[in-house]
Protein chains: 2
Amino acid sequence: MADIRDVAQRAGCSIATVSRALNSPQLVRPETLARVQAAAAELKFRPNALGRQLRGERTGLIGVMLPTLGNPVFADCLEGIEAAIDGTGHRLLLVTTQYDPERERNAIETLLQQRVDGLLLTLADAEHSALVDDLSAEGVACQLVYNDAPLRPCVSVDNRAAAAQGVAMLIEAGHRDIVMVTGALHASDRAKRRYLGYGDAMRAAGLTPLPAFEIDFNSGARGERVREWLAQRERDGARPTALFCSNDLLALGVMRALREAGLRVPDDISVLGFDGLAVGELLSPTLATVVQPSVDIGRHAAQRLLAQIDGRAGAVGAVGAASAAGMRDAALGQALILPHEIRRGGTVAAPPRRAAVRG
Amino acid sequence: MADIRDVAQRAGCSIATVSRALNSPQLVRPETLARVQAAAAELKFRPNALGRQLRGERTGLIGVMLPTLGNPVFADCLEGIEAAIDGTGHRLLLVTTQYDPERERNAIETLLQQRVDGLLLTLADAEHSALVDDLSAEGVACQLVYNDAPLRPCVSVDNRAAAAQGVAMLIEAGHRDIVMVTGALHASDRAKRRYLGYGDAMRAAGLTPLPAFEIDFNSGARGERVREWLAQRERDGARPTALFCSNDLLALGVMRALREAGLRVPDDISVLGFDGLAVGELLSPTLATVVQPSVDIGRHAAQRLLAQIDGRAGAVGAVGAASAAGMRDAALGQALILPHEIRRGGTVAAPPRRAAVRG
DNA sequence: CTGAAAGCGCTAACAA
DNA sequence: TTGTTAGCGCTTTCAG
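Residues numbered from 1 in each chain as written. Chains lettered and ligands numbered in written order. Predicted model: local features only at pLDDT ≥ 70, side-chain atom pairs only at ≥ 80, totals over all residues. Heavy atoms only, no water.

How should I be thinking about the overall build of chain A in this particular structure?
Within chain A, the regular secondary structure consists of 14 helices and 12 strands. Taken against the 2.2 N^0.38 rule, which gives 21 Å for 359 residues, the C-alpha radius of gyration of chain A at 26 Å runs more than 25% over that of a compact globule. Counting only C-alpha atoms and orienting by the principal axes, one finds that chain A spans roughly 95 × 50 × 35 Å. Within chain A, residue pairs in contact and separated by at least 24 positions form 72% of the contacts whose partners lie at least 6 positions apart. (Helix = DSSP H or I, 4+ residues; strand = E, 2+ residues; numbered from the N terminus. Rg over C-alpha atoms; globule rule 2.2 N^0.38 Å. Contact = heavy atoms within 4.5 Å.)

Just checking my understanding: could you explain unusual backbone geometry for this structure?
Where the residue is not glycine, phi is negative for most of them; where a peptide bond is considered, it is trans in most cases. Geometrically, the link from Val265 of chain A to Pro266 of chain A is a cis peptide bond, its omega value of 5° lying close to zero. Examined against the element boundaries, Pro266 of chain A turns out to sit in the loop between α11 (248-260) and β9 (270-275). The omega torsion across Ser284 of chain B and Pro285 of chain B is 0°, close enough to zero to call that bond cis. Take Pro285 of chain B: it is sitting in the loop between β9 (270-275) and β10 (288-291). In this structure, Asp275 of chain B is a non-glycine residue whose phi angle is positive, near 145°. By the secondary structure assignment, Asp275 of chain B is in strand β9. Classification of Asp275 of chain B by relative accessible area gives buried; the value is 3%. (Buried < 20%, exposed > 50% of the residue type's maximum accessible area, 1.4 Å probe, protein only.)

Looking at this model, I keep getting lost on the pairing of strand β6 (residues 178-182) of chain A. Mind explaining?
Working note: regular strand, side chains alternate between the two faces of the sheet. All names here are of chain A. Where burial is concerned, most of β6 is hidden: 5 out of the 5 residues are buried. Neither face of β6 is exposed, since Ile178, Met180 and Thr182 on one face and Val179 and Val181 on the opposite face are all buried. In this structure, β6 lies alongside strand β8 (residues 242-245), joined through 4 bridges in parallel fashion. Across the sheet, residue Val181 finds its bridge partner in β8, namely Cys245. Pairing analysis gives 2 bridges linking β6 to strand β7 (residues 213-214), with the strands arranged parallel. The residue bridging Thr182 from the neighbouring strand is Glu214, located in β7. A crossover connection joins β6 to the parallel β7 through helix α9 (residues 189-204); in handedness this β-α-β unit is right-handed. (Pairing = 2+ DSSP bridges. Right-handed = clockwise from strand over helix to strand, strands pointing away.)

Even after reading the chapter, I still don't get the domain arrangement of chain A, so can you show me in this structure?
Note: interface size is frequently given as the accessible area lost on complex formation between the parts. Domain parsing of chain A yields domain 1 (4-47), domain 2 (61-156 + 294-314 + 331-340) and domain 3 (159-292). Its C-alpha centre places domain 1 of chain A at a distance of 63 Å from the equivalent point of domain 3 of chain A. (Domains from an automatic or database assignment.)

Whenever I open this one, the relation of the copies chain A and chain B confuses me. Can you help?
To go from the first copy of the chain to the second, apply a rotation about an axis and then a shift along the same axis. You can overlay chain A on chain B at an RMSD of 0.1 Å; the transform is a turn of 180° with a shift of 0.0 Å along its axis. The relationship between the two copies is best expressed as a two-fold rotation axis. Of every C-alpha in chain A, the one belonging to Leu93 of chain A sits nearest the axis of rotation, 2.3 Å from it. (Least-squares fit on C-alpha atoms with pLDDT ≥ 70 in both.)

What am I meant to see in the sheet that holds β10 of chain B here?
Strand pairs in the sheet, formed through backbone hydrogen bonds, run parallel or antiparallel to each other. Residues and elements named next belong to chain B. The strand order β7-β6-β8-β9-β10-β12 describes an open sheet built from 6 strands, whose pairing is mixed. At either end of the open sheet lies a strand with only one pairing partner, and these are β7 (213-214) and β12 (341-343). Sheet contacts for helix α8 (residues 159-172): β6 (178-182), β8 (242-245), β9, β10 and β12; angle to β9, the most-contacted strand, approximately 160°. Together, β6, β8 and β9 form the strand contacts of helix α9 (residues 189-204), whose direction differs from that of β6 by roughly 175°. (Axes fitted to C-alpha atoms, helices over the stretch in contact; angles between N-to-C directions.)

When you look at the UniProt feature "domain: HTH lacI-type" (unreviewed entry) in chain A in this model, what are you seeing that I'm missing?
UniProt feature "domain: HTH lacI-type" (unreviewed entry): in the numbering of this structure it lies at residues 4-56 of chain A. Annotated as 70% helix and 0% strand, the span residues 4-56 of chain A places its first and last C-alpha atoms 16 Å apart. (UniProt positions renumbered as here; feature names shortened; annotations may be inferred.)

Looking at this structure, how should I read the protein's contact with DNA strand D?
As a structural note, the neighbourhood of DNA strand D is formed by 23 residues, with Ile4 and Arg55 of chain A together with Thr17, Thr32 and Arg55 of chain B the closest of them. In DNA strand D, atoms within 4 Å of the protein come 53% from sugar and phosphate. Contact between DNA strand D and Ser19 of chain A: a phosphate oxygen at 2.7 Å from a side-chain N or O atom of the residue. Note that a phosphate oxygen of DNA strand D is positioned 2.6 Å from one of the side-chain N or O atoms of Thr17 of chain B. Counting only elements with at least two residues in the surface near DNA strand D, the list comes to α1 (4-11), α2 (15-23) and α4 (49-55) of chain A together with α2 (15-23) and α4 (49-55) of chain B. (Near = heavy atom within 4 Å. Polar contact = N/O pair within 3.5 Å; in protein donor to acceptor, adjacent residues only side chain to side chain.)

For this particular structure, what's the right way to read helix α5 (residues 72-85) of chain B?
Given 3.6 residues per helical turn, the α-helix brings residues three or four places apart onto the same face. Residue and element names in this part refer to chain B. Compared with an ideal rise of 1.5 Å per residue, which puts 14 residues at 20 Å, α5 spans 20 Å between its outermost C-alpha atoms and is within 8% of the ideal. Burial analysis of α5 places 11 of its 14 residues in the buried class, which makes it a mostly covered element. Among all positions in α5, only Val73, Phe74, Ala75, Cys77, Leu78, Glu79, Gly80, Ile81, Glu82, Ala84 and Ile85 are buried. The first or second residue beyond α5 is Gly87, which carries a positive phi of 90°. (Expected span 1.5 Å × (residues − 1).)

How should the interface of chain A and chain B be read in this particular structure?
Contact with chain A, which involves 42 residues of that partner, is made by 42 residues of chain B. Here chain A packs against chain B, burying approximately 4200 Å² in sum over the two surfaces, 52% of which is carbon and sulfur. Counting the surface chain A buries against chain B, the share from its top three residues, Arg46, Leu50 and Leu282 of chain A, is 17%. Remark: the boundary between chain A and chain B carries 7 salt bridges. The salt bridge partner of Glu138 of chain B is Arg46 of chain A, with a shortest N-O separation of 2.4 Å. The set of elements that each furnish at least two residues to the side of chain A that touches chain B consists of α4, α5 (72-85), β2 (91-96), α6 (101-113) and α11 of chain A. (Buried area = accessible area lost by both parts, 1.4 Å probe. Salt bridge = Lys/Arg side-chain N within 4 Å of Asp/Glu carboxyl O.)

Hey, could you run me through helix α8 (residues 159-172) of chain A in this one?
Residues and elements named next belong to chain A. Spanning 14 residues, α8 covers 20 Å between terminal C-alpha atoms, matching the ideal 20 Å at 1.5 Å per step. For α8, the set of buried residues is Asn159, Ala162, Ala163, Ala164, Gly166, Val167, Met169, Leu170 and Ile171. Immediately beyond the C-terminal end of α8, within one or two residues, lies Gly174, with a positive phi of roughly 110°.

Written out as structure tokens, the structure reads:
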């Protein structure tokens, strides 16, 4: 593989000139430029990014860490990130963690060793994670994605308020026995906040929040679990009339289990999701859900990160004054809350009359 | 940021010893090792991967290029890739192309400049792409993903045979008027091969293949287009009784348009997809489709790529003999065809009786 | 406008 | 077992 020296020799100039010809053509005499370009083409010269990165200040690499791509919510977000960096000359280094905190640690370290210019992270639990503190202490440019931690640099919806609004819709539809279904609660700060929102809405309506029904994401026997739980509830005479699922994927799984258990949605039981996956609208009945703008979340997070990176470079030496860049930086260090939306759908209806059961 | 020299100084040894302590601990006296580790920890030393990569033979980077992550088929594949490289110390550099050939060129070049050890690519059209030839000519380790080009290193299903089998199922269900719906045919070699398979199945049953109905993926007015087309067909008295969609996402969109046009699936018209997206099983009716093992495609492609990379390293100097590595390499240079599967689903039923219309 | 030279941080001979 | 040294390919002063 030809290197810059080969090109220089062939073009009859020094490697410095080749470098300039490639990076700052205007600094080079047109004639020389042409010779260099010709030489480069003939030798099929491919600049080695590693050399440049080692030497330079920035690598142009952005580290992206997501729990999984099996959930379209994250794939969508990644599309937004891609869209935002398109044309900026940045590239993406991608890692998934499967919601495993240890993998999170390792992944971040790996990304940092590659000297990424910045980090876009979705953590299992941002609030109790010391990682983010360490990162900001180290001065690493970083934005959290989906995590809504008020005091941290992140882009998300207001999970608590959004969930409350969704549940309020259920209540308005006439439901009183509403249970929230979640994955492992401890594994996701978003699920936790949504549960808080559920509680808010219940109490606001004078209802008592019920414990969440947690189902292990990774267990294959999800349908089984749901059926058992329903049977138990049935026996207690306390089958809920509506289920609020902490995310759409879970809602889909739950609905399948419901169907297999012989229950009709929404006739026998209503279901509300969270995320706003596009597929939800293609189902019949369509999935009622709390929509978060996943692509925009990714896009904004990436844009903020880029601004942060640029600001950082621009701020060098501008110590004295609270510059415009500094002002911007302050905003970038705080949460950006994007608007959510309630998507009404066929999976929510009025609760069935069950006077006989109750009486 | 502390570098290896700082650590050496603090540990009271040379940088070579630090390097060894980090990479080959067994070559270093336990006591020295401990000193180095302590020093590294105290200084929060983070090895700079760029330095190592610039020096070394390999970077540990794998370049992945996919059309989009908006289609879960590719997200699933990426999950498979992730799974395969997990624990191997490789990292992923990800780029999406939106099916744009120019972006494909640029993306590959970018990846190569970063000195990736190998490439995992889904091209718009692998057969007519000179890119792959160039790559193998340059000796770049590379596997195509989803593209089934018989003579190239790739992992896919037999799109033609799979499509034929799916269409045969429609015919078996009693359909004779079957139209294939695709995105822009020229933009995807898979769609083209599936159309060939459609033709095979039709002719095998003594039927005449019909022209494909192409809908632009990127047009927002997809539903509109479908309705117009249907109306036209209706007027001609030639409304098909079944639609074979070149992928599941398209099938979902088509079904929605059908519904909006007042047609019931499968009562009025049957729909068959291709891909086997998980969501298809959650719909009601469930989506009949030709299933390709997306995760496995990704996994196998990554495994083959890793083998190729290792083989390459191992083969250095082993010029004389047709070594075992050489044998393996030969296989890695050819297509790996994974088995597909027909998933029967509620979207396919017998065609409606339309004696009155026909007569 | 161009060239010489000094590294960026690390690994791997080669010596000791 | 450890140290010295020569780069990997590139950018960027600083001179000319």
